[in-house]
Amino acid sequence: MQVALDDYAWAAGVATDLVNTAPEVWRGEDKLPDLASLAAFAELHSIPVAPRTGDLRAVHRLRATVRDLIGHPDPAHLIDGASALTARAGAVTLVDDPTRWAVSLRPGTSVPDVLSVICGVGALGVVHTLGAERFRACSAPTCRGTFIDTTRPGRRRYCMPALCGNRVNVANHRARKTSAQPPGFHNA
Ligand SMILES: [Zn+2]
């Protein structure tokens, strides 16, 4: 398997999805509680490796490391941390009749190692191309999620836009309804 170095946006998306399975984001509920959920996560993100016993703990450790990286977006810290994540990989090479940079993973590489390389490549690609300010905490007041913004304008605000963005919209709508004054109240 290879992890393409020019597809940093995909890799950063996997890193964001991984950190947002953490119990801190779900009021204590871990969204990767067992090997079956890890296998489903790997499949969803096109990682062609099956998890083995022991991988779950390693992925939980990796998740905490990546969450810490996104939460402290100092460029030097990001580069050091992300580089360490890629150290578990194989060799950097060119693939597809040399059109793409990629990390060629050693045969038998485990799910935690593949995810580690993906998170490292995603973080380095974003620091290099978009800058450290793309590593952010979710803007929803009740959410503890974090994310890497790879959108072109760079104005993403929520870790899970469909969920957290929608929650904020609903809360704002309720607040507007509650504070709305009765008709005829306004003098001006
Ligand atoms: Zn959120």
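Structural notes, computed from the coordinates. (Residues numbered from 1 in each chain as written. Predicted model: local features only at pLDDT ≥ 70, side-chain atom pairs only at ≥ 80, totals over all residues. Heavy atoms only, no water.)

Moving on to the packing of aromatic side chains. Under the counting rule described, the total for this entry stands at 0 aromatic pairs. Positioned over the ring face of Trp26 is Lys31, at 4.4 Å from the centre of the ring. (Phe/Tyr/Trp six-rings, centres within 6.5 Å; stacked < 30°, edge-to-face > 60°. Lys NZ or Arg CZ within 6 Å of the ring centre and 35° of its normal.)

The next thing to look at is the environment of Ala12. Relative to the helices and strands, Ala12 resides in helix H1 (residues 8–19). Here Ala12 falls in the buried class, since its relative accessible area comes to 0%. Measuring from C-alpha to C-alpha, the distance between Ala12 and Cys143 comes to 20 Å, with 131 residues separating the pair along the chain. Among residues more than four places away in sequence, those in contact with Ala12 are Gly122, Val126, Ile148 and Thr150. (Helix = DSSP H or I, 4+ residues; strand = E, 2+ residues; numbered from the N terminus. Buried < 20%, exposed > 50% of the residue type's maximum accessible area, 1.4 Å probe, protein only. Contact = heavy atoms within 4.5 Å.)

Attention now moves to the pairing of strand E3 (residues 100–104). Here strand E1 (residues 2–4) pairs with E3 via 3 bridges, running antiparallel. Paired with Val3 across the strands is Val103, a residue of E3. Note: strand E2 (residues 91–95) against E3, 5 bridges, orientation antiparallel. If you follow Thr93 over to E3, its bridge partner there is Ala102. Taking the residues that link successive antiparallel strands as the turn, the E2-E3 hairpin has 4 residues, and the phi of Asp96 there is positive, at about 60 degrees. (Pairing = 2+ DSSP bridges.)

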